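Close look at the chain arrangement
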Amino acid sequence: MENLYNREKHVEKNKKEIAIYYFNNINNSNEFLNDCCLKDHCVNLSRFSSYFKNYAHYTRFHLIANINYADNFLNNSSCIVSAVVFDKKDDFFATAGVLKKIRIYDFNQVVLNYKELYQNHNDETESEYQDIIQQQDDRFIGYKNENKNKKNKEKEEDNHNDETNSQAISISSSSSDNNIYFKQNKSNANHSSSSIAPYMTTLPNRIPLTSILLNPDLNNIKTDSIHSYSSSSSSSDSTENSSQYDSDNFNTDYITRYPIQEMICNSKISCLSYSTEKQNNLLSSDYEGIITLWDTETGEAVSSFSEHEKRAWCVDYCTKNPTVFASCSDDATVKIWDENISYSTLTIDSRANICSVAFNPYSEYEVAFGSADHNIYYYDIRNAKSAWKCIKGHKKAISYVKFKNRYELISASTDNTLKLWSINPQSMNILSNGICNDSDNDDKVQLIRTYSGHLNERNFTGLSINKDGDFILCGSETNEIYTYYSESEKPIIVQKFSNIEDNITGNERDYSDSNQFISSLAWKNTSPNILLAANSEGRVKVYELV
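Thresholds, definitions, all that
- Residues numbered from 1 in each chain as written.
- Predicted model: local features only at pLDDT ≥ 70, side-chain atom pairs only at ≥ 80, totals over all residues.
- Heavy atoms only, no water.
- Buried < 20%, exposed > 50% of the residue type's maximum accessible area, 1.4 Å probe, protein only.
- Helix = DSSP H or I, 4+ residues; strand = E, 2+ residues; numbered from the N terminus.
- Pairing = 2+ DSSP bridges.
- Polar contact = N/O pair within 3.5 Å; in protein donor to acceptor, adjacent residues only side chain to side chain.
- Contact = heavy atoms within 4.5 Å.
- Core = buried A, V, L, I, M, F, W, Y, C linked by side-chain atoms within 4.5 Å.
- pLDDT = per-residue confidence, 0-100.

Further remarks concern the pairing of strand E14 (residues 354–359). Most of E14 is tucked away, with six of its six residues classed as buried. Across five bridges, E14 lies against strand E15 (residues 366–371) in antiparallel orientation. Within the sheet, the bridge partner assigned to alanine 358 lies in E15 and is alanine 368.

Next comes the structure, spelled out in structure tokens:
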């Protein structure tokens, strides 16, 4: 019911955009329709129905998990995450940035709902927890009394009888106090003391002790379940905290997510690309112009490619030929490489810095790259003497180029826009020796749509397209995520990345830093609505569109 209400609000808010699309595609028919016009009208009506269904399908972002890429939890300085990327099976994802570290995470462990895990114990598990607690209590009391008895015997040899008697009294009083304390714990085992055992006995590898030590408020969380997160505290404190830490508002930052693998690099990382064939193969490009091939299972560098003379901005695997990849650099070159060869197999020279490069996922020969001269260049690497097409339209440098499908690509620029381009299949004239470059007519590539609304004038703010090609993600220098439906020029959902969070408690601070921005985005390959988002403060979040 709530989801339906949200959809109604979403449609009402964007009814102008929906009306514009309707009148541009449906209401252009004549008053008297013949058979041909009626057929076109039905096609247009079906197209609008599909548009409306997709446009109103998602209304908001749902936060699943948080990750902190920054190491310096006592320092809240900038820590840009320049790349987040899923592997080919979506089992793992990698993050990298200015910390010179590549971290690999197990996706299933990251999104595991620890709250439900702790709240859904059955009676047998509950009794096991109570037995473990009682055993730990008995061992603790026995160990404490044994140590005290040893000390008392040593003191008895040197001290007078009066002192010995006084010590005996203190021992008996302390032991009686301990017994009373643990009897109270035993009587309250169904409510409080069982909360600490799951942390230390059930999932020691997934929930480190540092998660509790650095987050003292975790011990005060109260839920409706008999498995309360609150420690043995007074009933008044529990009552006061129950409203603040309700189970429905549980903060996922309280549970620290740790990587399963970490690779140390010699320079800041600018881009990552997973192999489409070997799940463990990961490429990175860095600020020294070096491309490194990593084995994410062992955490070792397999090989490095170092022909670029300046900072390398982007690297991209070829889908059709999994051993081939492309890289681009500030040295105004695009290089084509093979994993098994230490030198580049092709170099394409350009006139300006190149910020992004991408293989067409449906062809092993077609490459597009964005340049600082405001243009996009489309090449067939079999005939790389000249570009098949120089695509013009942006007013500033091109920061990203991504393929939407076989004949469509999307570009992002620091002119605050995204643009959707369509390649005319008939103009390609794909021959046995490559794409024909002879005719440079305007029919090769056409501008379909310009997306605007986000702010991007200086930084790389991320660009990603979901697997169906329906939704486009881009970041903003306002620290917000913008979601565009591919058929609409205006954003349908804008998600704030939230205020800067305190690195110790995980709580949002009462101010926001205008210098923070979204720095990287990635859709989950096998899901149309799961995504990763990262910002310049070192925060990585897993979201779901609902």
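Next up on the list: the side chain of arginine 103. Among the secondary structure elements, arginine 103 is positioned in strand E4 (residues 101–106). Engagement of the side chain of arginine 103 in a polar contact is seen with the side chain of glutamate 262, the distance being 2.7 Å. Setting aside chain neighbours within four positions, we find arginine 103 in contact with Asn68, Tyr69, Asp71, Phe93, Ala94, Thr95, Pro259, Gln261 and Glu262.

Moving on, we come to the nonpolar core. In terms of nonpolar packing, the biggest core is built from 26 residues, with Phe325, Val334, Val357 and Phe369 touching the most fellow members. Secondary-structure elements contributing two or more residues to this core are strand E8 (291–295), strand E10 (312–317), strand E11 (324–329), strand E12 (333–338), E14, E15 and strand E16 (376–380). The biggest single contributor to this core is E10, with five residues. If near-sequence neighbours (up to four positions away) are discounted, valine 357 is found in contact with Cys314, Asp316, Ala326, Ser327, Cys328, Val334, Val367, Ala368 and Phe369. Core analysis: the second largest hydrophobic core is formed by 18 residues, Val81, Ile530, Ala534 and Val542 among them.

Here we come to the environment of aspartate 468. Tracing the backbone through its elements, the reader meets aspartate 468 in the loop between strand E24 (463–465) and strand E25 (471–475). Since its relative accessible area comes to 47%, aspartate 468 is described here as partly exposed. Taking the C-alpha atoms as reference, aspartate 468 lies 8.6 Å from lysine 404; in sequence the two are 64 residues apart.

A word on the confidence of the model for the chain. Keep in mind that low pLDDT regions are not for reading the predicted coordinates in detail. Here the chain averages 76 in pLDDT, while 58% of its residues score no lower than 70. Contacts for the low-pLDDT stretch residues 29–33, under 50 throughout, to residues beyond four places or in other chains number three contacts. Low pLDDT, under 50, characterises residues 163–253; the predicted model gives this stretch 140 contacts beyond four residues in sequence or across chains.

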